[in-house]
Amino acid sequence: VDAYEQVCQRLRNATESTQRSEVYWALHHMGFACNIMGDFKRAEGFLKEAIEAAIGVYGEEAPSTLVTRQELILAILSQGRAAEAEVTLRELLPLIEQINGPSDLSRLKARHALASAILDQGRVAEAEAALKELLPLVEKIYDSDPLGTFVTRHELARANLNLGRAAEAEKALRDLLPLR
């Protein structure tokens, strides 16, 4: 992260398009790294700055801009701001589908994040329905690879647990244990 930050400091005032795209790239990757390390507040700051840079270089509806917006939503969701993440995801999903198509992996990831945001707000039945609809699509993309479906199946088990279906949730979670 520090290396990316040093690159950004040197390039922040860049005027050439190539350098501005490098600033975007560095900011995006700093935000991504911070998300992975659990520093969600810091990630949010980098990603907001990366979105501004991406819009300036590529435009508001460019795939790079959309990917960074999705990464920002994950940082927001990870900070417990599920309602804010939901609003943004509902705005972003139609744009992702329009630009990337209905079966694009980034659309499925956004739908998954939306289901998680709904679940985190306590709207469990709604989240469960969204996850049940999403699981076959995720299985198709990952060719039924259990590792590729792990997060969706885990969230579905969490929904079942919140709906009072402990035995169903336990079975689903036990099925996931060999994948750790």
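Residues numbered from 1 in each chain as written. Predicted model: local features only at pLDDT ≥ 70, side-chain atom pairs only at ≥ 80, totals over all residues. Heavy atoms only, no water.

## Quick notes on the nonpolar core
Here's step 1: Counting 34 residues, the largest nonpolar core has Leu27, Ala85 and Leu89 as its most contacted members.
Here's step 2: If we ignore the near neighbours within four places in the chain, the residues touching Ala85 are Ile73, Ile76, Leu77 and Ala117. (Core = buried A, V, L, I, M, F, W, Y, C linked by side-chain atoms within 4.5 Å. Buried < 20%, exposed > 50% of the residue type's maximum accessible area, 1.4 Å probe, protein only. Contact = heavy atoms within 4.5 Å.)

## So, the environment of Glu44
Here's step 1: Within the element layout of this structure, Glu44 appears in helix α3 (residues 40–57).
Here's step 2: Each C-alpha atom, one on Glu44 and one on Gly31, is 6.7 Å from the other, the two residues being 13 residues apart in sequence.
Here's step 3: Dropping the residues within four chain positions of it, Glu44 is found in contact with Leu72, Ala75, Ile76, Gln79 and Arg81. (Helix = DSSP H or I, 4+ residues; strand = E, 2+ residues; numbered from the N terminus.)

## Overview of the packing of aromatic side chains
Here's step 1: Within the structure shown, the criterion is met by one aromatic pair.
Here's step 2: Between the aromatic rings of Tyr24 and Tyr58, the centroid separation amounts to 5.6 Å while the plane-to-plane angle is 80 degrees, which identifies the pairing as edge-to-face. Taken together, the residues span a long stretch of sequence, with Tyr24 in helix α2 (residues 17–37) and Tyr58 in the loop between α3 and α4 (63–78) at a distance of 34 residues.
Here's step 3: When its relative accessible area of 7% is taken as the criterion, Tyr24 is described as buried.
Here's step 4: Classification of Tyr58 as partly exposed rests on a relative accessible area of 40%. (Phe/Tyr/Trp six-rings, centres within 6.5 Å; stacked < 30°, edge-to-face > 60°.)

## Topic: the packing of helix α6 (residues 105–120) against helix α8 (residues 150–162)
Here's step 1: The geometry of α6 relative to α8 is characterised by a closest axis approach of 11 Å and an angle of 20 degrees between their N-to-C directions. Considered as vectors, α6 and α8 are oriented roughly parallel to each other. Here the hand of the crossing between α6 and α8 comes out left-handed. Residues His112, Ser116, Leu119 and Asp120 of α6 form the contact with α8, whose own contacting residues are Val151, Thr152, Glu155, Arg158, Ala159 and Asn162.
Here's step 2: Its residues placed into classes, the contact of α6 with α8 shows three nonpolar, four polar and three charged. (Axes fitted to C-alpha atoms, helices over the stretch in contact; angles between N-to-C directions. Parallel < 35°, antiparallel > 145°, perpendicular 65-115°, else oblique. Left-handed = near helix turned anticlockwise from the far one by under 90°. Nonpolar A, V, L, I, M, F, W, Y, C, P; charged D, E, K, R; others polar.)

## Re the confidence of the model for the protein chain
Here's step 1: Residue-level pLDDT values for the protein chain average 88, and 91% of them are 70 or greater.
Here's step 2: Between the elements of the protein chain, mean pLDDT differs from a low of 68, seen in helix α1 (residues 2–11), to a high of 95, seen in α4. (pLDDT = per-residue confidence, 0-100.)

## A few points about a nonpolar patch on the surface
Here's step 1: A cluster of nonpolar side chains, contributed by Phe32, Ile36 and Met37, occupies part of the molecular surface with about 330 Å² of accessible area.
Here's step 2: Mapped onto the elements of the fold, Ile36 is located in helix α2.
Here's step 3: When its relative accessible area of 59% is taken as the criterion, Ile36 is described as exposed. (Patch = residues over 30% accessible without salt bridge, like charges linked within 9 Å, V, L, I, M, F, W, Y side chains within 5 Å. Areas by Shrake-Rupley, 256 points an atom, 1.4 Å probe, with all protein chains shown as cover. Salt bridge = Lys/Arg side-chain N within 4 Å of Asp/Glu carboxyl O.)

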